[in-house]
Structures are given as C-alpha cells and as structure tokens.
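Below are the chains, spelled out letter by letter.
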Amino acid sequence: MTDRPGAPTRRGFLKAGLAGGGALVAGGAVAQEPDPLITEKQPWAQMWGDGVDVTPYGMPIEYEADVIRRNVGWLTADTISSVNFSPIHALDGTITPQGCAFERHHSGAIDLPKEDYRLMINGLVETPLVFTYADLERFPRVNHTYFLECAANSGMEWAGAQLNGAQFTHGMIHNMEYSGVPLRTLLEEAGVKPEGKWIYVEGADASSNGRSIPLDKALDDCLVAFKANGEALRKEHGYPVRLCVPGWEGNMWIKWLRRVEVTTEAVQSREETSKYTDTLADGTSRKWTWVMDAKSVITSPSPQSPITHGPGPLVITGLAWSGRGAISRVDVSLDGGTSWQTARLAQPGQKMALSRFYLDIDWDGSEMLLQSRAMDETGYVQPTKNALREIRGLNSIYHNNGIQTWWVKANGEAENVEVS
Amino acid sequence: MSKSRNLSAVALLLALTGPAQADRFGLGRPALPEEVAAWNVDVAPDGVGLPEGSGSVEDGEEIFSANCAICHGEFAEGVGNYPKLAGGDGTLDRDDPLKTVGSYWPYLSTVWDYVHRSMPFGAAQVLTVDEVYAITAYILYSNDLVDDDFVLSNENFLEVAMPNADGFIVDDRETTELPRFSQPPCMTDCKPEVKITMRAAVLDVTPDEGH
C-alpha cells in the first residue's frame, strides 16, 4: 500500500497515535529511552550538504512533496478550461507561494514572452495607446498585497457538504504581494473622455476572457501587476502582466492583460452573463456581483490536516478575508456554533488581503464541531450556509461565503459536515 | 530658503495650469487604426462592434457540425462535460437549472462575440464573419427560437428576442443581505442543539489521488 499524498493514512495515524500516547504522562512528555536522533551521530551532522548552485532556483524539499495544487477531475471536461486548488490546509502565514497558488484557465496557460507583450488602451480616450513591457516598467510603481478568490470557491458546497478537505472546499484562493502600475496611471496617460463610464479588459489567450469594470473601480485601486511575491508572475498567473481588481471576484483579474477599452456601457461578455451570475430560487439571476463577501475557514485541523498528537495543546488556525475591507475579528466555535470565542489575529487585518488567525486551546480529546466566523471593518458578519440559502436558494454556483464546519473526531480525524 | 520657495511656487503654478498634463509621462505610443481594428472586436448588446454580414440556419448547421459538434453535440445538446448550448427552457427556477444560450443568455451579442473570439476551443479566431452569423443562427434554431429558413445578419440582429432577457437584476446584496448580515454576532447559547445533517464522507466525491 502506498501512502496517498495529501491524505492521512491509517498507518500514519497509528504511528502518530502511538508516539503521542506513549509520551503522554501526567500532562507532559517524559522520555522512556534516550532518543537515538540525539544520542547517535546523524549523517547530516558529519558530512557535507549540497553546495550552492545545486538548485539555482529552489523547489521545496522532497518531504513537502505533497503540498501541491490538486484538481478535481470530474468538475470540468478537461484540464485546459479547468481549475485546481491551493493547498491551504498545509500553509501558514498569509502569503501564498506562487508555485502552489491555484490556477484557473479558460484556454490553458499561454507562453507569452515579455518582448512580445503589448498592452493597448483604446475606446473613449483622447489618444489610444500601445505600451510594451519595457514601457510599463518606466511608470511609478506601487506594492500591495491582495487576495484573489474565484467566485466559485466553495461553489460545490451549495447543496451540502461535498468535498472532504479545505484545499477543495476553499482552495480557489491565493494571496500575493504585487508590484505594478496603478491602472489609473495608464488611463490618465491615454486621457479618459468624460463619456467613459466603464472599462472592458481582455486577455491575450485564446479564451480572450473579457470583463467589464466600472470606471470608478478602475481609477480607484486596480493594479496592472508584473511581479508577485517579489518575482515575475508565473506563466499560470498571467506572465508577464495581469490585472488586480482588489476584493472583487478572481475572474475579473484578467491574465495576460492585452487590452483596456473605455466604454459607455458594460459589454455583457460571456463571463458576465452566462457565467459569474447567481441564479436565485425564483429563477431570476443577480448580475455584477463583483465583491467577495467576508469569509473564513479553519485550515488546520481539517480533513487533510488531522490532529496527530492526542489531547493537550492544540493550535487551531485558519484564514479570513473580505472584499469590502480589512478583517476586524474572527470567532471560533468548537461546538458547531453554539458558543464562540474570539481568535487571535496574527497581524492587524489589511484591506482586501488574507488574515491569519489562531486559537490556542488545551484539547481534552473529545469530538469537536469546528467553525470560524469572520467579521470585517464594515461590521459584516460571515453568515451560515443556511442563512445564505434562505435568501438565495440552492442553485447559486458562486459567492458561497457560508460558515464551514469540520467534525473533528476523538482520534483526530476531521470531516466536512453540515450542522443544524 | 528662498530657492526652495521658488521651486514650490513653480510646482504650484504647474499644478494650477494643467494637472492632467503634468500627470502624463509620455510613455507608450499612439495605437494605429489597423491595430485597434485588429483587437477591438468585442460586440455590445446594442450591436456596436457588429460587422456587416449574414448567415443562414442551413449553412450554420453544416459549419456547426464540422467545427463544434464534437464537443457541443450535433443539436448543440452538449457532449459529456462540455457545455450544452441548447435546451433548458423553463428550468431556471427548478433544482439544477439547465443554463443555455436559449434558456439563460440575455443578449444575442454575447453569443456572436464569444463564438467569434473564443471558439472553436483550441482553434479560436478561425471563423469568418459570415460563418459566425450562420452558427449563431443555428444555435438560435437549436433552441427553437427561429425557423429553419432563418437568416441572421447585422440588419436584423437586434430583432431577435432572447427569452431570458429580463431575467437579471443588478447585485442587490446591499439591501437584501448586508443589513441582515451586519448584526452583532451571538457568542453564547446560540442554538438549543446541534445535529450533523450531512457528511462529505458519506457523499464521498473527493478525488482519491487528487490529481
């Protein structure tokens, strides 16, 4: 039997349980025998390690090989127009490394060299302009950390608990520090005419994914980004240039951004009519639901990150975010939402960026129904899934920001459940 | 001292005379008309951007069969997990609504624009303008929205009525949800009892190998 990556194995549990149980004496660990890892000389303490340049660009060490993006094959017809999920159950802090940040393509991740990159600004502007990549690098630059959440994140959970892991229920999210030029700067360079009320932004890939964005938002905080977490964007995130639309659904963050057209009206492209609209119980659908409401999830313990150490000190941790501003507070419930305690934010909430929260408890080893509930600076409180369903029905695909429950059992395993 | 005061006076003057000018960097170059024409091909609901041309249901059937049917089916009914482009009439308020061009899409311009720019999947932007008119006509026909002798053109484009044109409202969360979800949250004794109502492990659709 081979170990299934990403999921705990029965053998793993037994091993962990034995180690934990054996060491547990009167609330503290007492060594029965000297630990050979200490008493015997280990090879790494005697011989050379790798020289510099063994990996000119480093990958995570082999022991972390299961901390990777994963997809759910049955969701889409193929992997070209498809999505995978960030391994949020295994990450900490708030920055998502680019190499494991989820991907969503509508026609595959294209190969577009910087030298061949062109950005056009046209439509209702005084001078339609073309920029090269080198041109973009000469505008004053800013740095901002933003989360990007796909509107369909947790979309499979509308009708009830389905996927057993935070990676799959909440992994269509990443959070990076972007460097780039405010879109406003580029629009001002072309000179927006007074009739201009919207922009239409479009990518260079074969899906030519295009979205309409109100001019106010474009001039407010949209960012034309070319670096993420300090280095060039990865191909799968739109190298060499993508758009950031802070707090708004990921589909609008056009990758391989090639054109910004100033218009009087929304274009009503396929991605803002057929898709990314939310059908309510009576059959009418909401459109232009751009903002991502406040949401949170406990990343550990969770189905892919069970408790392996038995009773005693336990770190409960997770992520919270809001498209309407900064996270102000996160509460955690151990009993399925009957009572709540306020968790500790690792850092003060930042606008439209992930917050990390911790609740450090002394676990008595009994079952828990773990939930987290985010609040943002506007006073919005993350609702339960049932509260959302009461308003929207069951047929929405997008914008499920309901409270997630993990049923943690006495043996430390966790399962995605819904509670009354 | 006096020098820096002079400098800020100059800056103030510049700001007063033309802030828009002062904000420009003179980077990039004017886009040529041919360049704008090559990329600016999106079509708006009012027909702006629609090129002159026409195509019949009859021609569309053949072109669709050759270029699209392998994924979307001969009658636009869909194959496997590929999108269904026809059917679903009257299903939007039921469980698992079937959203297609006929049952869901509010604007015909979106069909023309999307097919023109993004399909066929894997070989986008190979169709001629007339072929796109013909395919669009055929998709309408597959949804029982036009007769088999219908010819679609830039002239009659706006006359086609889309069944779900009035089926959309602008995001109303601000009034329907925000007041309800902006109450101080309960902290203790929030519910009388808690029962597990559904388990993912019971409905286990989680990928086994995960990749």
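Residues numbered from 1 in each chain as written. Chains lettered and ligands numbered in written order. Predicted model: local features only at pLDDT ≥ 70, side-chain atom pairs only at ≥ 80, totals over all residues. Heavy atoms only, no water.

**Thoughts on the overall build of chain B**
The criterion, for reference: A helix here means a DSSP run of H or I that spans at least four residues, while a strand means a run of E at least two residues long, and both kinds are numbered starting from the N terminus. Under the scheme applied here, a residue whose accessible area is under 20% of the maximum for its type counts as buried, over 50% as exposed, and between as partly exposed, the area being computed with a 1.4 Å probe on protein chains only. We call two residues in contact when some of their heavy atoms are within 4.5 Å. Per-residue and other accessible areas were derived by the Shrake-Rupley procedure at a 1.4 Å probe size, with only the shown protein chains allowed to occlude residues.
A count of helical and extended segments in chain B gives 8 helices and 5 strands. Along the chain direction, N to C, the helices and strands of chain B fall in the order α-α-β-α-β-α-α-α-α-β-β-α-β. Every one of the 211 residues in chain B was classed for burial, and the buried ones make up 39%. Sequence-distant contacts in chain B: of pairs separated by 6 or more residues, those separated by 24 or more amount to 56%. Summing over all exposed atoms, chain B offers an accessible surface of approximately 12,300 Å²; the carbon and sulfur share of this is 54%.

**A look at the interface of chain A and chain B**
Rules: Note on terms: buried area is the combined drop in 1.4 Å-probe accessible area of two parts once they are placed together, counting the loss on both. The salt bridge definition used is simple: a Lys or Arg side-chain nitrogen within 4 Å of an Asp or Glu carboxyl oxygen.
Contacts between the two partners involve 104 residues from chain A and, on the opposite side, 77 residues from chain B. Here chain A packs against chain B, burying approximately 7,500 Å² in sum over the two surfaces, 54% of which is carbon and sulfur. Summed over the three residues of chain A that lose the most area to chain B, namely Glu189, Arg270 and Ser420 of chain A, the buried surface amounts to 8% of that side. Inspection of the chain A/chain B interface yields 9 salt bridges. With a closest N to O distance of 2.9 Å, Arg117 of chain B and Glu202 of chain A form a salt bridge.

**Regarding the UniProt feature "domain: Cytochrome c" (unreviewed entry) in chain B**
Heads up, the condition is: UniProt positions are given in the numbering used here, feature names are shortened, and annotations may be inferred rather than shown by experiment.
According to UniProt, the positions carrying the feature "domain: Cytochrome c" (unreviewed entry) are residues 55-143 of chain B. In residues 55-143 of chain B, helix accounts for 45% and strand for 2%; the two terminal C-alpha atoms are 17 Å from one another.

**Thoughts on the UniProt feature "domain: Moybdenum cofactor oxidoreductase dimerisation" (unreviewed entry) in chain A**
As recorded in UniProt, the feature "domain: Moybdenum cofactor oxidoreductase dimerisation" (unreviewed entry) lies at residues 286-404 of chain A. Helix and strand shares over residues 286-404 of chain A are 7% and 39% respectively, and the end C-alpha atoms of the span are 24 Å apart.

**Thoughts on the confidence of the model for chain B**
Residue and element names in this part refer to chain B. What counts here: pLDDT gives the predictor's per-residue confidence on a scale running from 0 to 100.
Per-chain confidence: chain B averages 89 in pLDDT, with 87% of residues scoring 70 or above. Overall, residues 1-22 carries pLDDT values under 50, and its contacts beyond four positions in sequence, including any with other chains, amount to 1 contact. Both scores are given for the predicted complex: the pTM is 0.91, the ipTM 0.89.

**Details of the pattern of salt bridges**
Residues and elements named next belong to chain A. Counting across every chain of the model gives 34 salt bridges over all chains. For Arg69, the salt bridge is made with Glu103, and the minimal N-O distance between the two is 3.4 Å. With Arg69 in the loop between helix H2 (36-39) and strand E3 (70-71) and Glu103 in the loop between strand E4 (82-85) and strand E5 (104-105), the pair connects residues that are 34 residues apart, well separated along the chain. Lys351 is the partner of Glu377 in a salt bridge, and the nearest nitrogen-oxygen pair spans 2.6 Å. Residue Glu377 is found in the loop between strand E24 (368-376) and helix H7 (385-392), and its partner Lys351 is found in the loop between strand E22 (344-345) and strand E23 (355-363); the two are separated by 26 residues along the sequence. Looking at Glu377, the relative accessible area reads 42%, which means it is partly exposed.

**Focus on the sheet that holds strand E4 (residues 168-170) of chain B**
The condition is simple: Paired strands are those between which DSSP finds at least two bridges.
As summarised here, the arrangement of the 3 strands in space is E16(A)-E17(A)-E4(B), forming an open sheet in which the pairing is mixed. Edge strands, defined here as strands with exactly one partner in the open sheet, are strand E16 (278-279) of chain A together with E4 of chain B.

**Looking at the sheet that holds E4 of chain A**
Pairing within the open sheet is antiparallel, and its 3 strands lie in the order E3-E4-E5 (chain A). Strands with a single pairing partner mark the edges of an open sheet, and in this sheet they are E3 and E5 of chain A.

**Here's the deal with the state of the cysteines**
Residues and elements named next belong to chain B. Short version of the rule: Criterion for a disulfide: a pair of cysteine sulfur atoms within 2.5 Å.
If you walk through the whole model with that rule in mind, you get 1 disulfide over all chains. The disulfide partner of Cys186 is Cys190, and the gap between their sulfur atoms is 2.1 Å. Classification of the bridge connecting Cys186 and Cys190 rests on its S-S torsion, roughly -100°, and on that basis the disulfide is left-handed. No disulfide involves Cys68; its sulfur sits 8.9 Å from the nearest other cysteine sulfur, which is in Cys71.

**Observations concerning the UniProt feature "domain: Oxidoreductase molybdopterin-binding" (unreviewed entry) in chain A**
Residues given the UniProt feature "domain: Oxidoreductase molybdopterin-binding" (unreviewed entry) here are residues 114-269 of chain A. Helix makes up 15% of residues 114-269 of chain A and strand 37%, whereas the separation of the span's terminal C-alpha atoms amounts to 27 Å.

**Let's talk about the nonpolar core**
Across soluble globular proteins, nonpolar side chains show a tendency to be buried alongside one another. What counts is decided by this rule: Residues enter a nonpolar core if they are buried and are Ala, Val, Leu, Ile, Met, Phe, Trp, Tyr or Cys, with the set joined through side-chain atoms within 4.5 Å. What fixes the domain bounds is an automatic or database domain assignment.
Ranked by internal contacts, the top residues of the largest apolar core, which has 92 residues, are Tyr178, Ile199, Leu243 and Leu257 of chain A. Per-domain counts for this core show at least three residues from each of domain 1 (73-282) and domain 2 (295-417) of chain A. If we skip the residues at most four places from it in the chain, Leu257 of chain A touches Tyr117, Arg118, Leu119, Val201, Glu202, Gly203, Val224, Val241, Arg242 and Leu243 of chain A. Ranked by size, the runner-up nonpolar core spans 34 residues in total, among them Val43, Val101, Tyr138 and Met162 of chain B.

**Things to note about the side chain of Glu272 of chain A**
Within the secondary structure, Glu272 of chain A is located in the loop between strand E15 (257-263) and E16. The contact partners of Glu272 of chain A, leaving out residues within four places of it in the chain, are Gly210, Arg211, Ser212, Ala266, Val267 and Thr277 of chain A.

**So, the environment of Gly337 of chain A**
If you trace the backbone, Gly337 of chain A turns up in the loop between strand E20 (327-333) and strand E21 (341-342). C-alpha separation for the pair Gly337 of chain A and Glu149 of chain A, spaced 188 residues apart in sequence, amounts to 25 Å. Excluding anything up to four places from it in sequence, Gly337 of chain A contacts Gln371 of chain A together with Cys190 and Lys191 of chain B.

**Here we look at the packing of helix H4 (residues 57-67) of chain B against helix H7 (residues 129-142) of chain B**
Residue and element names in this part refer to chain B. Cut-off, in case you're wondering: Between N-to-C directions, angles cover 0 to 180 degrees, with each direction set by a line fitted to C-alpha atoms, over the stretch in contact for helices. Here the word oblique covers every angle except those under 35 degrees (roughly parallel), over 145 (roughly antiparallel) and from 65 to 115 (roughly perpendicular). Ten residue types, Ala, Val, Leu, Ile, Met, Phe, Trp, Tyr, Cys and Pro, are classed as nonpolar, four, Asp, Glu, Lys and Arg, as charged, and the remainder, Gly among them, as polar.
Axis separation between H4 and H7 bottoms out at 7 Å; the angle between their running directions is 95°. The pairing of H4 with H7 is recorded here as roughly perpendicular in orientation. Across the interface between the two elements, Val57, Asp59, Gly60, Glu61, Ile63 and Phe64 from H4 touch Glu131, Ala134, Ile135, Ala137, Tyr138, Ile139 and Tyr141 from H7. Partitioning the contact of H4 with H7 into residue classes produces 9 nonpolar, 1 polar and 3 charged.

**Some words on the domain arrangement of chain A**
Residues and elements named next belong to chain A. As a reminder of what qualifies: Distance and chemistry together define a polar contact, namely a pair of N or O atoms within 3.5 Å, with one atom able to donate a hydrogen and the other to accept it when in protein, and with adjacent residues in sequence counting only for side-chain atoms on both sides.
Looking at the assigned domains, one finds that chain A contains domain 1 (73-282) and domain 2 (295-417). For domain 1 versus domain 2, the separation of C-alpha centres amounts to 27 Å. Facing 42 residues of domain 1, the contacting portion of domain 2 comprises 41 residues. Viewed at the interface, domain 2 and domain 1 are joined by 2 salt bridges. Where domain 1 packs against domain 2, one counts 27 residue pairs in polar contact (both at pLDDT 80 or more). Taken together, the elements giving at least two residues each to the side of domain 1 that touches domain 2 come down to strand E8 (142-149), helix H4 (166-170), strand E9 (173-182) and E16. In terms of residue count, the dominant contributor to the side of domain 1 that touches domain 2 is H4 (5 residues). Class assignment of the residues belonging to the side of domain 1 that touches domain 2 gives a composition of 17 nonpolar, 18 polar and 7 charged.

**Quick word on a negative patch on the surface**
Residue and element names in this part refer to chain B. Going by this rule: Nonpolar side chains (Val, Leu, Ile, Met, Phe, Trp, Tyr) are joined into patches within 5 Å and like charges within 9 Å, using only residues with over 30% relative accessible area and no salt bridge. Under the counting rule used here, the positive set is Lys and Arg, the negative set is Asp and Glu, and His together with the chain ends is not counted. One atom stands in for each charge, and that atom is NZ of Lys, CZ of Arg, CG of Asp or CD of Glu.
On the surface, a cluster of negative charge is made up of Glu58, Asp59, Glu61, Glu62, Glu74, Glu77, Asp130, Asp147, Asp148 and Asp149. For the negative patch, the leading source of residues is H4, giving 4 residues. Residue placement: Glu77 occurs in the loop between helix H5 (69-72) and helix H6 (108-118).

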